[in-house]
Amino acid sequence: MSEPETSTVRVVGSLRELPQPAWDALANPDPAAFDPFLSHAFLSALEDSGAVGPEATGWLPRHLVLEDARGALLAAMPLYVKLHSQGEYVFDHSWADAFHRAGGRYYPKLQCAVPFTPVPGRRLLVGSATGRALREVQLLEGARRLAEAAGVSSLHITFLTEPEQRQAGKLGFLPRRGQQFHWSNRGYGSFDDFLATLASRKRKAIRKERIEALADGVRIAQLTGPDITEAHWDAFFAFYQDTGDRKWGRPYLNRAFFSALGERLGAHCLLVLATRAGRPIAGALNLIGGSCLYGRYWGAIEHRPFLHFEVCYYQAIEYAIRHGLARVEAGAQGEHKLARGYLPTETYSAHWIADEGLREAIARYLDGERRHVANEMAVLAEYAPYRKSEQERS
């Protein structure tokens, strides 16, 4: 489908080139469904802090925008040139290795995503429902043409919505599915109401974990907005660095990012802080959306039994219940979340591969992977901690 004469696709190298109100009107047209990760504030904090950009970690902003004849934004997608496959959480290392062994060059590639953030959401940002399908096609075709012109190996759109994945599939993108664990609020009035829906053994286990996590004088505070000080960010960054050093060798984000995040999106930040004898020992950073609490980063400098579960999962559930949020998304991976009430939920991505041979091989691989994901989700659902009557309700 070709573009109307009155619209133009353009690439911009930084969100600083785009007015915040215009971007946010596309990213979050409905305040009740606010997605903090798509906001100008979050994405520009990544750029301005140097967490992404030319001097940073191999994420080079190349945002795609669709403009009318007056230069007004009609649609956009957060887009990056990637020099590796780190910080994406939809893994394609094996694809890169196979292409390299065959004599191809997999990097650079194009990535439509929120950097370092495995949070599902819209990726084809169109503010108005009128003409949405056309604008989405224009973005997809524009991104594909950019990939072809740049001579990159591939274009990946990760953690997009299922309808967006279907739209991309019509244009030759390969569909991929994964899973995360999300907690759903079934109208609970309290944490005890939630516990009452669990099987007796699971309920007792969670109560025991919470008691042990808070032993030896551990205290928990939930901080938002101006209550989060620079001293709190200093403490949390030390936690974050510890986790990054242990998990992937080098933390993706820098200290400046967290200050920028607090300044620009402080009202949407929930910092759960654990202290002992007045000293911060662990913390989890969540972002608050319109109807969802997004668990993002965790770390600790003092490792205690079950403290991770308390700070990351149970405190998040308590906050969601108290504020009437519909769900908690606890991030990538982690089957241990299942026993804490977080159920498997499908995620989606779409992939355009330039080389025909590589594309056919990946298509075969994805066919098998989708079946595996579906089977795994079915098996995991059988181990949900809820009482049988509650599982039938869901």
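Residues numbered from 1 in each chain as written. Predicted model: local features only at pLDDT ≥ 70, side-chain atom pairs only at ≥ 80, totals over all residues. Heavy atoms only, no water.

Engineer: Would you mind going over the environment of Trp352 with me for this structure?
Structural biologist: Looking at the secondary structure, you find Trp352 in strand 15 (residues 343-353). Exposure remark for Trp352: the relative accessible area of 11% places this residue in the buried category. When the C-alpha atoms of Trp352 and Leu110 are compared, they prove to be 9.6 Å apart, with 242 residues separating the residues in sequence. Those residues within four positions of Trp352 in sequence are excluded, and the remaining contacts are Arg144, Ala147, Glu148, Ser153, Ser154, Leu155 and Phe173. (Helix = DSSP H or I, 4+ residues; strand = E, 2+ residues; numbered from the N terminus. Buried < 20%, exposed > 50% of the residue type's maximum accessible area, 1.4 Å probe, protein only. Contact = heavy atoms within 4.5 Å.)

Engineer: Looking at this structure, how should I read the sheet that holds strand 15?
Structural biologist: Strand pairing in a sheet relies on backbone hydrogen bonds. The paired strands run either parallel or antiparallel. Across the sheet, which stays open at both edges, the 11 strands sit in the order 2-5-6-8-15-9-14-13-12-11-10 with mixed pairing between neighbours. The open sheet has two edge strands with one neighbour each: strand 2 (59-61) and strand 10 (218-224). Averaged over all pairs of adjacent strands, the angle between strand axes in this sheet comes to 30°, irrespective of strand direction. As defined by bridge partners, strand 12 (residues 279-288) adjoins strand 13 (residues 292-300) across 7 bridges and the pair is classed as antiparallel. Within strand 13, the position partnered with Leu285 by the bridge is Tyr297. Relative to the sheet, helix 10 (residues 307-322) contacts strand 9 (174-184), strand 10, strand 11 (269-276), strand 12, strand 13 and strand 14 (327-332), its axis offset from that of strand 10 by approximately 45°. (Pairing = 2+ DSSP bridges. Axes fitted to C-alpha atoms, helices over the stretch in contact; angles between N-to-C directions.)

Engineer: Sorry if this is basic, but what is going on with the packing of aromatic side chains here?
Structural biologist: Each aromatic ring pair is characterised by the separation of its centres together with the angle its planes make. Tallied over the full model, the rule gives 25 aromatic pairs. Arranged with centres 6.1 Å apart and planes meeting at 85°, the rings of Phe258 and Tyr297 form a pair that is edge-to-face. Taken together, the residues span a long stretch of sequence, with Phe258 in helix 9 (residues 255-265) and Tyr297 in strand 13 at a distance of 39 residues. Given a relative accessible area of 8%, Tyr297 falls into the buried group. Lying over the aromatic face of Trp59, Lys82 brings its terminal NZ or CZ to 4.0 Å of the ring centre. If you follow Arg186 out to its NZ or CZ, it ends over the ring of Tyr386, 4.3 Å from the centre. (Phe/Tyr/Trp six-rings, centres within 6.5 Å; stacked < 30°, edge-to-face > 60°. Lys NZ or Arg CZ within 6 Å of the ring centre and 35° of its normal.)

Engineer: Please clarify how unusual backbone geometry should be interpreted in this entry.
Structural biologist: Residues apart from glycine generally show negative phi values, whereas peptide bonds are mostly found in trans. Each neighbour pair has its own omega, and for Tyr107 with Pro108 the value is 5°, a cis peptide bond. Relative to the elements of secondary structure, Pro108 occurs in the loop between helix 3 (93-101) and strand 6 (109-112). The backbone of Tyr89 sits at a positive phi, close to 70°, despite the residue not being glycine. Its place among the elements puts Tyr89 in the loop between strand 5 (79-82) and helix 3. Exposure remark for Tyr89: the relative accessible area of 24% places this residue in the partly exposed category. The backbone of Phe306 shows a phi angle near 70°, a positive value even though the residue is not glycine. Its place among the elements puts Phe306 in the loop between strand 13 and helix 10. Since its relative accessible area comes to 29%, Phe306 is described here as partly exposed.

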